[in-house]
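One letter stands for each residue in the lines below.
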Amino acid sequence: VERAAGKEVEVIAIHAEPSMAAIGFALKEPLELWGEETAEIAFDGTFNTNSAHYDISGLVAEGNGQGIPIGFIYTTAMDGTAKTGAKLRLLIDFLEFFKARCPRILFTLTDKERAEIDA
């Protein structure tokens with residue numbers, strides 16, 4: 001991500017949460033092309049799918065009837081001592097970045113993950 005920062009991706013500032021790690025980034029070109037136009041986004045994640053134990057969540061915009069990925073966040077609880085709501089606060093930081101860049105959102109789609117719904 002660091003190699004692509006400023007070119008293909010924009011790293012999103014996410015505040016530190018004790019016992020949590022996170023990195024979020026936006027895909028610059030798709031966001032610039034579709035961010036202001038899209039009225040619908042989907043936010044979903046994968047859990048327990050990699051050896052690093054990171055949850056990987058993606059934000060997808062709708063454009064011309066197609067799903068267009070515009071951002072991703074990787075999160076992990078490092079030692080099981082994170083405070084209640086820590087992941088929620090990380091996801092809020094991530095989504096706040098897109099709030100100003102996607103001002104016409106009318107619909108959101110997510111699944112049963114409580115932190116995603118609450119964010």
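Criteria and cut-off values
Residues numbered from 1 in each chain as written. Predicted model: local features only at pLDDT ≥ 70, side-chain atom pairs only at ≥ 80, totals over all residues. Heavy atoms only, no water. Salt bridge = Lys/Arg side-chain N within 4 Å of Asp/Glu carboxyl O. Helix = DSSP H or I, 4+ residues; strand = E, 2+ residues; numbered from the N terminus. Buried < 20%, exposed > 50% of the residue type's maximum accessible area, 1.4 Å probe, protein only. Pairing = 2+ DSSP bridges. Axes fitted to C-alpha atoms, helices over the stretch in contact; angles between N-to-C directions. Phe/Tyr/Trp six-rings, centres within 6.5 Å; stacked < 30°, edge-to-face > 60°. Lys NZ or Arg CZ within 6 Å of the ring centre and 35° of its normal.

Participant: What am I meant to see in the pattern of salt bridges here?
Facilitator: Side-chain pairs of opposite charge can arise whenever the charged atoms involved come near each other. Inspection of every chain in the model, using the stated rule, returns three salt bridges. For the salt bridge of Asp55 with Lys87, the shortest nitrogen-to-oxygen distance reads 3.1 Å. One end of the pair, Asp55, is in strand S4 (residues 55–63); the other, Lys87, is in helix H2 (residues 86–101), with 32 residues separating them in the sequence. Across this residue pair, the class does not change: Asp55 and Lys87 are buried.

Participant: Explanation requested: the sheet that holds strand S6 (residues 107–109) in the structure shown.
Facilitator: In sheet architecture, strand pairing relies on hydrogen bonds along the backbone and comes in two forms, parallel and antiparallel. Strands sit in the order S1-S2-S5-S4-S3-S6 across an open sheet of six strands; the sheet is mixed. The two strands at the open ends of the sheet, each matched to only one other strand, are strand S1 (9–12) and S6. Strand-to-strand twist across the sheet, computed as the mean angle between neighbouring axes with direction ignored, equals 20°. The pairing of S1 with strand S2 (residues 20–27) spans four bridges and is antiparallel. Its bridge partner lying in S2, Val11 is registered against Phe25.

Participant: When you look at the pairing of S2 in this model, what are you seeing that I'm missing?
Facilitator: Residues in a regular strand point their side chains to alternate faces of the sheet. Sheet topology places S2 next to strand S5 (residues 66–77); seven bridges connect them, and they run antiparallel. From the neighbouring strand, Ile23 faces S5, where its bridge partner is Tyr74.

Participant: Help me understand the packing of aromatic side chains, please; the structure alone is not making it clear to me.
Facilitator: Centre distance and the angle of the planes are the two values used to describe a pair of aromatic rings. For the structure shown, the criterion picks out five aromatic pairs. Ring geometry for Phe25 and Phe72: centres 5.8 Å apart, planes at 35°, overall tilted. With a gap of 47 residues between them, Phe25 in strand S2 and Phe72 in strand S5 connect regions that are remote in the sequence. On the basis of relative accessibility, which here comes to 25%, the residue Phe72 falls in the partly exposed class. Taking 5.1 Å as the distance between ring centres and 65° as the angle between the ring planes, the aromatic pair formed by Phe94 and Phe98 counts as edge-to-face. Linking Phe94 with Phe98, this pair stays in helix H2, spanning four residues, or about one helical turn. When sorted by exposure, Phe94 lands in the same class as Phe98, which is buried. Members of the aromatic cluster, each reached through a chain of ring pairs, are Phe43, Phe94, Phe97 and Phe98. Here Arg101 stacks its cationic end above the ring of Phe97, 3.7 Å away from the centre of that ring.

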